[in-house]
Amino acid sequence: MNEHRPIAARDGFPLARFADAVAAPSAPQRIAGVIFDLDGTLIDSMPWWENLGEDYLRARGKTPAPGIRDDFKRMTLEQSARFLREDYGLEEPVEAICRGILAGIEHAYRDEIPAKPGVRAMLEALHTADVRMCVATATERRCAEPALARLGLSDLLDTVFVCSEAGASKTEPAVFEAALAHLGTPREATLVVEDSLHAIETAHAAGFPTAAVFEPSARGDENAIRKLADIYLNSFAILDGHAF
């Protein structure tokens, strides 16, 4: 992944270059760094996660409660495993539940899940502008890194930060703070790009400018997301040209 590059005072990426965006007055004009979510943001992985927890429970003779998908959205993998073990009386250790859940999806990260439309061109435009970029994800490293490598995106990103390694889900800002410390860019010029309301709420409360990207699985929260995010991206389309 990329080494740090010096940023000149005039540098930064103008958000006006996003062709299909709605910006609030609070949005910064230029950004020096970006912290990207992975699932539902850079890669189109949410369909693979849709029934995973429920399928795991049904395979063990358990009936998932309504709304369990919303519970999983706010948890790391380990938290999800503990939740399943405690609430559904599973006998397997937490580590075994984690392995079982990942077994149902790891192959998709390695072989199948595509990037969202426009991601490569968008990352290249940011990279050309010397914007420092990394990923902060609730997905485990063993899934995230192979997907990014297969899609040819790793070389455009500094590194990957994982919630379980930061010690908290995205209901707390730990993973964003770790990413910011690595990037070394000003908080007010470091954009957090997410598709989930709870992650946008956390980043916003921590003082980051936020961008929300359209994701069909988050449609139920779309109005709240649009109201909170500094910029809403209907797509990652970038306008042609360089001067704004």
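Numbering of residues starts from 1 in every chain and runs along the sequence as written. For a predicted model such as this one, the threshold for reporting local features is a pLDDT of at least 70, and the threshold for listing and counting side-chain atom pairs is 80 or more; totals across whole chains, interfaces and linings nevertheless cover every residue. Here the side-chain values reflect all heavy atoms present in the structure, with hydrogen atoms and water set aside.

### Here's the deal with the environment of K170
Secondary structure elements are defined from DSSP: runs of H or I of at least 4 residues count as helices, runs of E of at least 2 residues count as strands, and each element is numbered from the N terminus. With respect to the helices and strands, K170 occurs in the loop between helix 9 (163-166) and helix 10 (174-183). A residue is classified by how much of its surface remains accessible, and K170, at 4% relative accessible area, is buried. A C-alpha to C-alpha distance of 6.7 Å links K170 and T202, two positions 32 residues apart in sequence. Leave out the neighbours within four places in its chain, and K170 touches D37, A136, T137, A138, C163, V175, F176, E194, H198, A199 and T202. There is a polar contact of 2.7 Å between the side chain of K170 and the backbone oxygen of A136. Exposed residues in this analysis have more than 50% of their type's maximum accessible area, buried residues have under 20%, and partly exposed residues fall in between, with area computed by a 1.4 Å probe over protein chains only. The contact rule is simple, with two residues in contact once any of their heavy atoms fall within 4.5 Å. Under this definition, polar contacts are N or O atom pairs within 3.5 Å; protein pairs additionally need one hydrogen-donor-capable and one acceptor-capable atom, and for neighbouring residues in sequence, both atoms have to be side-chain atoms.

### A closer look at unusual backbone geometry
One non-glycine residue, D130, lies in the positive phi region at around 60 degrees. Tracing the chain through its elements places D130 in the loop between helix 7 (119-128) and strand 5 (132-137). Judged by its relative accessible area of 25%, D130 falls in the partly exposed class.

### Focus on the confidence of the model for the protein
pLDDT is defined as a per-residue confidence score from the predictor, taking values between 0 and 100. Mean pLDDT over the protein stands at 88; residues scoring 70 or higher make up 93%. Taken as a whole, residues 1-10 scores under 50 in pLDDT and shows 25 contacts with residues more than four places along the chain or in a different chain.

### Re the packing of aromatic side chains
Geometry of aromatic contacts follows a simple scheme: Phe, Tyr and Trp rings, the Trp one being its six-membered ring, pair when their centres are within 6.5 Å, and the pair is stacked under 30 degrees between planes, edge-to-face over 60, tilted otherwise. All chains considered together, the criterion is met by three aromatic pairs. Here F83 and Y88 contribute two aromatic rings whose centre-to-centre distance is 6.3 Å and whose plane-to-plane angle is 75 degrees, an arrangement assigned as edge-to-face. Classification of F83 by relative accessible area gives buried; the value is 16%. Sitting over a ring, as applied to charges here, requires NZ of Lys or CZ of Arg to be within 6 Å of the ring centre and within 35 degrees of the ring normal. Sitting over the face of the ring of Y56, R60 holds its NZ or CZ atom 3.6 Å from the ring centroid. The ring of F208 is capped by R187, whose NZ or CZ atom sits 4.9 Å from the centre of that ring.

### Observations regarding the side chain of E54
With respect to the helices, strands and loops of the structure, E54 is situated in helix 2 (residues 52-58). The class for E54 is buried, based on a relative accessible area of 11%. Sequence-distant contacts of E54, that is, excluding residues within four places in its chain, are made with P64, I68 and R69.

### Looking at the pairing of strand 5
Counted residue by residue, strand 5 has six buried out of six residues, so it is predominantly covered. The alternating pattern of strand 5 places R132, C134 and A136 and M133, V135 and T137 on opposite faces, both of which are buried. Here four bridges tie strand 4 (residues 33-36) to strand 5, and the two strands are oriented parallel to one another. Directly across from V34, in strand 5, lies its bridge partner M133. Orienting the strands away from the viewer, one traces the path from the first strand over the helix to the second; a clockwise path indicates a right-handed crossover. As for the winding sense of the linkage, the β-α-β connection from strand 5 through helix 8 (residues 141-150) to strand 6 (residues 160-162) is right-handed. What makes two strands pair is DSSP finding at least two bridges between them.

### Section: the sheet that holds strand 6
Judged by pairing direction, the sheet is mixed, and its seven strands sit side by side in the order 2-9-8-7-4-5-6 without closing on themselves. Unpaired on one side and paired on the other, strand 2 (21-23) and strand 6 mark the two borders of the sheet. Between one strand axis and the next, the sheet turns by 20 degrees as a mean value, whatever way the strands run. Relative to strand 8 (residues 210-213), strand 7 (residues 190-194) runs parallel, the two sharing three bridges. Considered in strand 8, the bridge of V193 is made with A211. Each of strand 4 and strand 5 is contacted by helix 7, which is oriented at about 150 degrees to strand 4, the strand it contacts most. Lying on the sheet, helix 10 is in contact with strand 4, strand 5, strand 6 and strand 7; it crosses strand 5 at an angle near 160 degrees. To obtain an axis, a line is fitted to C-alpha atoms, over the contacting stretch when the element is a helix, and the angle between two such axes runs from 0 to 180 degrees between their N-to-C directions.

### Some thoughts on the pattern of salt bridges
Here, a salt bridge means any side-chain nitrogen of Lys or Arg that lies within 4 Å of a carboxyl oxygen of Asp or Glu. Following the criterion strictly, the structure yields 13 salt bridges and no others. As a salt-bridge pair, K170 and D37 come within 2.9 Å of each other at their nearest N and O atoms. Of this pair, K170 sits in the loop between helix 9 and helix 10 while D37 sits in the loop between strand 4 and helix 1 (46-49), and the two are 133 residues apart along the sequence. The pair K170 / D37 is uniform in exposure class, with both members buried. Between R60 and E92 there is a salt bridge; the shortest N-O distance is 2.9 Å. Of the two residues, R60 sits in the loop between helix 2 and helix 3 (68-73) while E92 sits in the loop between helix 4 (77-88) and helix 5 (94-103), which places them 32 residues apart along the sequence. Taking relative accessible area as the criterion, E92 reaches 25% and is therefore assigned partly exposed. Among the charged side chains, a network of salt bridges with common partners joins D37, K170 and E194.

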